[in-house]
Every structure is written in C-alpha cells, then in structure tokens.
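# Descriptive analysis of the structure
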Amino acid sequence: SILAGLIFGLFSGVLGSYFLFARMRSGKEILTGIKRGQFHVVYQPVVDAQKLEMQGVEALLRWEHPTAGAIPPDAFIAFAEAQQLIVPLTRHLFALVARDARQLQNILPPGAKLGINLAPGHLHAPMFKEDIMAFAASLPPQHFKLVFEITERDMLKEKEAMGLFCWLHKRGFEIAIDDFGTGHSALIYLQRFTLDYLKIDRGFVNSIGMETVTTPVLDAVLTLAKRLDMTTVAEGVETREQAKWLIERGVNYLQGYYFSRPLTLTQLMNWNQPQGSH
Ligand code: C2E
Ligand code: CA
Ligand code: CA
Ligand code: CA
C-alpha cells in the first residue's frame, strides 16, 4: 500500500501540475496571483565599483505560488508576455514598489537609483506613458532616480525606441540596456541611442577566469564602451576574482551574488556595505 500511495501521490502530483500548467498558460493563474497578493518584490543592490557603496537597487518580481512554490520570473514573465498580461503585471509591480517606497526611502539615500525592468509588450501599450508618469508620481518626490532596463534584444526590435528614449530622458528618467551581449548588435549602433547604462550580461561575467573565448570579447566590449563614454554595469558578479577583474578594467558598477542576492525590504535594511571585501 506504500507503493499504491506512492503511485497515487505521483499521479496526483503530475495531474496537479498539468492543471496548473494549463491555468498558467491561460494566464488565469497570474491574474489570480495578483488578486491574492502572491507577488512581491525583492531588491538587489548595485554597487559602485570604486567606492564599493550601494548606488541603488534593481527591483525584481517574485511569485510565491500556494501549490507550485516559488516560480522564477523567467517563467512567469514569458507566460505574462504570451498572454498579453505583461501590462497588468508591470502595473502590479509599480504598485508593489510604490507600497515599499516609504521604507525604501529610509534605506536608500537621496538620488539612489531604482532599476525597473520593462518588457517590450509594455513599451507599445497605449497607456505606457501614462503608466510611467503615474508610477513616478506614486514615489516620494525627488528621492529616487528611476532607471528603466530594457534588454538589448528588445531594444533593437523597437522602431520607435529612439522617440521613446527621448521622452523618458526629458522627464528625468534613465535607461539601461539590459543583458548586453545576448543580442547581436554593435555597440557603435547602440551609441545612436542615448543610453545611460550598459549592463553586461552575466554570461560574459561568468567566463572571467575560465580562459574561454568570451573573455577577450568582454575585454574588447569594455574598451569600446569606455571609448564611447558609456557607463557600464556588470551583472552576475559571483566571485572576488570577477569583481577584481572588472574593477581593474574600469567597470563602473557591479551587481551579483558576490555583493548581495536580491533582498526583501527587511533584509535590505540590515544589509551592510561590502567595505573592504576586496
Ligand atoms: P535580469 O534583469 O537580468 O535580472 C537579474 C537576474 O539575475 C535576477 O534573477 C537576479 O536574481 C539574478 N542574479 C543577480 N546576481 C546574480 C549572480 O551573481 N549569479 C546568478 N546566477 N544570478 C544572479 P531573477 O530575479 O530570477 O530574474 C530573472 C529575470 O526575470 C530578470 O533578469 C528579468 O529579465 C526578469 N524579471 C524579473 N523581474 C521582472 C519584472 O518586474 N519585469 C520584467 N519585465 N522582467 C523581470
Ligand atoms: Ca534587469
Ligand atoms: Ca540583466
Ligand atoms: Ca541577465
């Protein structure tokens, strides 16, 4: 009967996840998750490479599903995009960040950067500009500098990207090109856009110290970025060796598990700057 129980358990587990998957695909589960407060935001520190102080944070969504457990954003963002739910989901993120803002204001100094990921589906949405303005208005005035992160792949798909970036800049927002190195663009081409930050994808950062072919590519990218006067951020910095390598090459900001994992508000409040960690 242990075997029967095991088989039954396995069966209902498989069946359960099949139904869950179907509900996810229909998008219903995401809307239910929003309504029931299953999403929350964590904040990952971004560190100044020279001063080794926190320059700001990146807001990252988390879904704590009652039966499936923690669902990684890479999975639910893709579902949300496919189901045209990225706009309600991003608005929900805005609301959650706004709710956290008062506490964030006490943790982060004035002028701190607050990174927000934007999905391409939202950029064309008719209410995009209204959403951004409403979000900015929901935060304590002047305290944070909003940095909107758009992936390299998505940026190039946007015909109207240039106009949109100008609009964002005029209103005092900054733009980061995210996951740089995973698209297939030339930096020279990207220079035409007025971008504030270039975020080097963690795939590149991983290769540091492993003597793979990517390291010389990263080296060349950083040299060119510097020549073009672009501010660089390396993501996915996991080791001291990687941090050292990046600092030596003049990368401006560092983000990754070596400094900190994404943190809840309470954890962020207790987070110590990585002073002398090198
Ligand atoms: P991303 O924008 O590249 O975000 C950074 C991801 O890298 C985060 O994963 C973070 O936890 C992870 N990470 C940071 N440091 C390290 C490290 O040292 N090592 C490793 N292995 N990973 C590190 P997360 O939170 O799972 O997010 C995954 C992706 O999901 C994000 O990639 C982003 O593209 C997307 N995402 C998350 N939240 C949102 C959101 O609110 N809106 C949109 N559109 N996308 C989001
Ligand atoms: Ca990002
Ligand atoms: Ca990224
Ligand atoms: Ca990435």
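Our subject is the structure listed above.
Now for a description of the structure that goes with this document. Since this is a predicted model, take the numbers as computed values, not measurements.

Protein coordination at the calcium ion (ligand 3): the donors are D178 (OD), D179 (OD), E235 (OE) and E235 (OE), at 2.0 to 3.0 Å from the metal. Motif for the calcium ion (ligand 3), donor spacing along one chain: D-D-x55-E. Separating the calcium ion (ligand 3) and the calcium ion (ligand 2) is a distance of 3.6 Å, and D178 donates to both of them. Remark: E235 occurs in the loop between β8 (231–234) and α12 (240–248) and D179 occurs in strand β6 (residues 174–180); sequence separation between them is 56 residues. Since its relative accessible area comes to 16%, D179 is described here as buried.

In the vicinity of ligand 1 lie 21 residues, with Q44, R62, R202, E238 and Y257 positioned nearest. Within the side chain of E58, a nitrogen or oxygen atom sits 3.3 Å from an oxygen atom of ligand 1. In the model, an oxygen atom of ligand 1 is placed 3.2 Å from a nitrogen or oxygen of the D179 side chain. In the complex, the protein chains occlude 87% of the 800 Å² of accessible area that ligand 1 would expose alone. Among the elements of the structure, β2 (54–65), α3 (73–82) and β6 are those that each provide at least two residues to the shell around ligand 1. Residue contributions to the shell around ligand 1 peak at four residues, all from β2. Residue composition of the shell around ligand 1, grouped by class: nine nonpolar, four polar and eight charged.

We now examine the nonpolar core. If you look at soluble globular proteins, the nonpolar side chains tend to sit buried side by side. The biggest cluster of nonpolar side chains holds 82 residues, and the ones touching the most others in it are Y43, V97, I116 and L246. Ranked by the residues each element gives to this core, the list is headed by helix α4 (residues 86–107), at ten residues. In this structure, I116 is in contact with A59, L93, F94, V97, F135, L146, V147, F148 and E149, ignoring residues within four places of it in sequence. Ranked by size, the runner-up nonpolar core spans six residues in total, among them V46, V147, Y197 and V233.

Right, let's talk about a nonpolar patch on the surface for a bit. Among the surface-exposed residues, L3, L6 and I7 lie close enough to one another that they form a single nonpolar patch of about 340 Å² accessible area. Topologically, L6 is positioned in helix α1 (residues 2–26). Classification of L6 as exposed rests on a relative accessible area of 58%.

On the protein side, the calcium ion (ligand 2) has E58 (OE), N117 (OD1), E149 (OE) and D178 (OD) as donor atoms, found 2.1 to 2.3 Å from it. When the donors of the calcium ion (ligand 2) are listed by position in the chain, the intervening gaps give E-x58-N-x31-E-x28-D. Overall, N117 belongs to the partly exposed group, its relative accessible area being 28%.

We now examine the environment of G121. Residue position: G121 is located in helix α5 (residues 120–123). On the basis of relative accessible area, G121 is assigned to the partly exposed category, the value being 31%. In this structure the C-alpha to C-alpha distance between G121 and L198, which are 77 residues apart in sequence, comes to 21 Å. If sequence neighbours within four positions are ignored, G121 has contacts with E81, I86 and V87.

Quick look at the environment of D229 now. Among the structural elements, D229 can be located in the loop between α11 (214–227) and β8. The exposed category is assigned to D229, whose relative accessible area is 70%. For the pair D229 and T194, spaced 35 residues apart in the sequence, the C-alpha separation amounts to 11 Å.

So, how was this worked out
Residues numbered from 1 in each chain as written. Chains lettered and ligands numbered in written order. Predicted model: local features only at pLDDT ≥ 70, side-chain atom pairs only at ≥ 80, totals over all residues. Heavy atoms only, no water. Donors = N, O, S within 2.8 Å, 3.2 Å for Na, K, Ca; no water. Helix = DSSP H or I, 4+ residues; strand = E, 2+ residues; numbered from the N terminus. Buried < 20%, exposed > 50% of the residue type's maximum accessible area, 1.4 Å probe, protein only. Near = heavy atom within 4 Å. Polar contact = N/O pair within 3.5 Å; in protein donor to acceptor, adjacent residues only side chain to side chain. Areas by Shrake-Rupley, 256 points an atom, 1.4 Å probe, with all protein chains shown as cover. Nonpolar A, V, L, I, M, F, W, Y, C, P; charged D, E, K, R; others polar. Core = buried A, V, L, I, M, F, W, Y, C linked by side-chain atoms within 4.5 Å. Contact = heavy atoms within 4.5 Å. Patch = residues over 30% accessible without salt bridge, like charges linked within 9 Å, V, L, I, M, F, W, Y side chains within 5 Å. Salt bridge = Lys/Arg side-chain N within 4 Å of Asp/Glu carboxyl O.

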